[in-house]
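Descriptive analysis of the structure
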Amino acid sequence: MIMNEKIKASEVQLTGIDGEDLGVMPTSQALTLAKKLKVDLVCTSMMSSPPPCKLVGAGKAREEAQQQRKREQAPKVKEIRLTPHIEAHDYDTKIQQAERILKSGDAVLLVVRIQGKEGPEAKTLLESLIGDLKLAGRKQTGIQLSGKQAAVQLDPLT
């Protein structure tokens, strides 16, 4: 996204703040208009001649670009570790933590450490976590029991 003085074209096809067509005009005139209205001049594509540009509220263009980059990034997987014998308050804290991560757009890997014959308890714990988090995320994988841990990954709802 090219903005304001970085637009090198001699003339641009301009669209106003409310989407109205302002026609083709010299870039210098479009920049003067943008400064007068206290907005940014944003070029949407450099592939055509004259390039289409639009007037966007100051700061809004940068915010849109930032949101676009965030959407393009793959979600991170954040791990939350638990034990099968978790107390109610700690359980609630882990639920809140997982909800916050899921709502921010990242995936959560819930891992329960197992010692001895705690496999069924770990599986029950993960099933209840999945149930409590169904409004924030959905499971990507089934519950995987392996040696010393049980794990399940939840992806955010989109």
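Here is a short report on the structure shown in this document. No experiment lies behind these values; they were computed from the predicted model shown. (Residues numbered from 1 in each chain as written. Predicted model: local features only at pLDDT ≥ 70, side-chain atom pairs only at ≥ 80, totals over all residues. Heavy atoms only, no water.)

1. Some thoughts on the pattern of salt bridges
Across all of its chains, the model carries 2 salt bridges by this definition. The shortest N-O distance in the salt bridge between Glu79 and Arg81 comes to 2.6 Å. Its relative accessible area of 41% is what places Glu79 among the partly exposed residues. Of the residues examined, Arg81 reaches a relative accessible area of 48% and is grouped as partly exposed. (Salt bridge = Lys/Arg side-chain N within 4 Å of Asp/Glu carboxyl O. Buried < 20%, exposed > 50% of the residue type's maximum accessible area, 1.4 Å probe, protein only.)

2. So, a negative patch on the surface
A cluster of like negative charges, contributed by Glu87, Asp90, Asp92 and Asp132, occupies part of the molecular surface. Residue position: Asp90 is located in helix 3 (residues 88–103). (Patch = residues over 30% accessible without salt bridge, like charges linked within 9 Å, V, L, I, M, F, W, Y side chains within 5 Å. Areas by Shrake-Rupley, 256 points an atom, 1.4 Å probe, with all protein chains shown as cover. Lys, Arg positive; Asp, Glu negative; His and termini not counted. Charge placed at Lys NZ, Arg CZ, Asp CG, Glu CD. Helix = DSSP H or I, 4+ residues; strand = E, 2+ residues; numbered from the N terminus.)

3. Considerations on the pairing of strand 10 (residues 149–156)
In summary, the side chains of a regular strand alternate between the two faces of the sheet. The buried fraction of strand 10 is high, at 6 of 8 residues. Summarising the sheet, strand 8 (residues 137–139) and strand 10 pair through 3 bridges and their orientation is antiparallel. Of the residues in strand 10, the one forming a bridge with Lys139 is Leu154. Bridge count between strand 9 (residues 144–146) and strand 10: 3 bridges; the pairing is antiparallel. By the bridge assignment, Ser146 is partnered in strand 10 with Gln149. Hairpin connection of strand 9 to strand 10: 2 residues between the antiparallel strands, including Gly147 at a positive phi of 40°. (Pairing = 2+ DSSP bridges.)

4. As for the environment of Leu31
Looking at where Leu31 falls in the secondary structure, it is placed in helix 1 (residues 27–36). Separated by 91 residues in sequence, Leu31 and Ala122 have C-alpha atoms that sit 63 Å apart. Not counting the four nearest positions on each side in its chain, Leu31 is found in contact with Asn4, Glu5 and Leu41. (Contact = heavy atoms within 4.5 Å.)

5. Concerning the pairing of strand 2 (residues 11–15)
Going residue by residue along strand 2, you find Val12 and Leu14 tucked away on one face and Glu11, Gln13 and Thr15 left uncovered on the opposite face. Sheet topology note: the strand 2/strand 3 (residues 21–26) ladder contains 5 bridges and is antiparallel. Looking across to strand 3, one finds that Thr15 is bridged to Asp21. Hairpin geometry of strand 2 and strand 3 is characterised by an intervening segment of 5 residues between the two adjacent antiparallel strands and by a positive phi of about 90° at Gly19. Both strand 2 and strand 5 (residues 52–57) contribute to a ladder of 3 bridges, which runs parallel. Across the sheet, Leu14 pairs through a bridge with Cys53, a residue of strand 5.

6. Considering the state of the cysteines
Across all of its chains, the model carries 0 disulfides by this definition. Among the cysteines around Cys43, which has no disulfide bond, Cys53 carries the closest sulfur, lying 3.8 Å off. (Disulfide = S-S within 2.5 Å.)

7. Observations concerning the nonpolar core
Core analysis: the largest hydrophobic core is formed by 21 residues, its most contacted members being Val108, Leu110, Leu126 and Leu129. Those elements that place two or more of their residues in this core are strand 6 (77–82), helix 3, strand 7 (107–113), helix 4 (119–132) and strand 10. Among the nonpolar cores identified, the runner-up in size contains 13 residues, and Ala9, Leu14, Ala34 and Leu55 belong to it. (Core = buried A, V, L, I, M, F, W, Y, C linked by side-chain atoms within 4.5 Å.)

8. Some words on the sheet that holds strand 3
If you walk across this open sheet you meet the 5 strands as 1-4-5-2-3, and the pairing is mixed. In this open sheet, the two edge strands, each paired with only one partner strand, are strand 1 (2–3) and strand 3. Sheet analysis places strand 4 (residues 39–43) next to strand 5, joined by 5 bridges and oriented antiparallel. Paired with Leu41 across the two strands is Leu55, which belongs to strand 5. Packed onto the sheet, helix 1 meets strand 2, strand 3, strand 4 and strand 5 and runs at close to 125° relative to strand 3. (Axes fitted to C-alpha atoms, helices over the stretch in contact; angles between N-to-C directions.)

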